[in-house]
Amino acid sequence: MTVIVSAACVRQKNKIGTSAKHDSAISHVMGTATYVDDIAKPQGTLHLAVGKSSHAHARVLSMDLSAVRDADGVVDVLSFKDLPAQTDIGAVFDGEPLMVDDITEYVGQTLFVVVASSHRAAKKSCDKGSGGV
């Protein structure tokens, strides 16, 4: 059996176990790197926060989101019934819903999403969500 190895493969193999300089290493070390929080948000940017289940396995009987909708800065509140398209987001197998429709499967599963004028308003309004879960 004859094995032919290209020069490129040999060069790549020689890099294993050696240091490689990261593209932004100098700007990180010098303190000049730009992070997401350093970038100015466009005027009118909306922020999202997720209302989560506090029960590991429960049937959703009702959700009264009127207090969430009425909270300061809230633009909209979305739940499963507001989703117009495919709601299963399982990467390999079906069974990972984007939001809860009928039964929660774990603590922290998404019940609703708040759209608000600020991150603080979105997070604060999530606490006002209640329902028969």
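Every chain begins its residue count from 1, and numbering advances along the sequence as written. Per-residue local features are limited, in this predicted model, to residues with pLDDT of at least 70; the limit for side-chain atom pairs, both in listing and counting, is 80 or more; totals at the level of whole chains, interfaces and linings are taken over all residues. Just so you know, side-chain values use all the structure's heavy atoms and leave hydrogens and water out.

Put simply, buried Ala, Val, Leu, Ile, Met, Phe, Trp, Tyr and Cys residues joined by side-chain atoms within 4.5 Å make one nonpolar core. Think of it in three bands: with a 1.4 Å probe and only protein chains considered, a residue is buried below 20% of the maximum accessible area for its type, exposed above 50%, and partly exposed in between. Formed by 15 residues in total, the largest nonpolar core has its most connected members in Val68, Val77, Phe112 and Val114. Every helix listed is a DSSP run of H or I at least four residues long, and every strand listed is a run of E at least two residues long, numbered separately from the N terminus. Those elements that provide at least two residues to this core are strand S4 (74–79), strand S6 (110–116) and helix H4 (119–126). Sort the elements by how many residues they give to this core and S6 lands first, with four residues. For this analysis, residues touch if any pair of their heavy atoms sits within 4.5 Å. If we skip the residues at most four places from it in the chain, Val68 touches Val74, Val77, Phe112, Val114, Ser125, Lys128 and Gly129.

A word on H4. In an α-helix, one turn spans 3.6 residues, which is why side chains three or four residues apart end up on the same side. Residues Ala121, Ala122, Ser125 and Cys126 constitute the buried set of H4. Taken down its axis, H4 places every buried residue within 135 degrees of arc, on the same side. The outward face of H4, more than 90 degrees from its buried face, is lined by the exposed residues Arg120 and Lys124. Of all possible arcs, the one meant is that of the directions from the helix axis to the C-beta atoms.

Here the focus is the sheet that holds S6. Only strands that DSSP links by at least two bridges are regarded as paired with each other. In spatial order, the strands read S1-S6-S4; together these three strands make up an open sheet with antiparallel pairing. Single-partner strands in this sheet number two, and they are strand S1 (47–52) and S4. If you compare each strand with its neighbour and ignore which way they point, the axes differ by 20 degrees on average. Pairing of S1 with S6 involves six bridges; the strand directions are antiparallel. Each residue of the ladder has a partner; that of Leu48, found in S6, is Val115. On the sheet, H4 packs against S1, S4 and S6 and is oriented at approximately 15 degrees with respect to S1. For helices, the fitted axis covers only the stretch in contact; all axes are lines through C-alpha atoms, and the angles between them, taken along N-to-C directions, range from 0 to 180 degrees.

With that out of the way, let us pick up the environment of Val115. Within the element layout of this structure, Val115 appears in strand S6. We classify Val115 as buried; its relative accessible area is 11%. Sequence spacing of Val115 and Gly73 is 42 residues, and the spatial spacing of their C-alpha atoms is 8.7 Å.

In this section: the layout of surface pockets. Rolled over the atoms, a probe sized like a water molecule indicates the empty space that remains. A cavity here means a set of 1 Å grid points, computed over protein atoms only, where a 1.4 Å probe fits but cannot escape. A pocket is an open set with protein on both sides within 12 Å along at least 5 of 7 lines, and lining residues have an atom within 4 Å of a point. Grid points are joined across faces, edges and corners, and a volume is the space filled by probe spheres set on the points. Empty space within the largest pocket amounts to approximately 210 Å³. Looking at the largest pocket, it is lined by 14 residues, and the ones nearest its centre are Val60, Ser62, Met63, Ser79 and Lys81. Classes in brief: Ala, Val, Leu, Ile, Met, Phe, Trp, Tyr, Cys and Pro nonpolar; Asp, Glu, Lys and Arg charged; the others, Gly included, polar. Class assignment for the residues of the lining of the largest pocket results in seven nonpolar, two polar and five charged.

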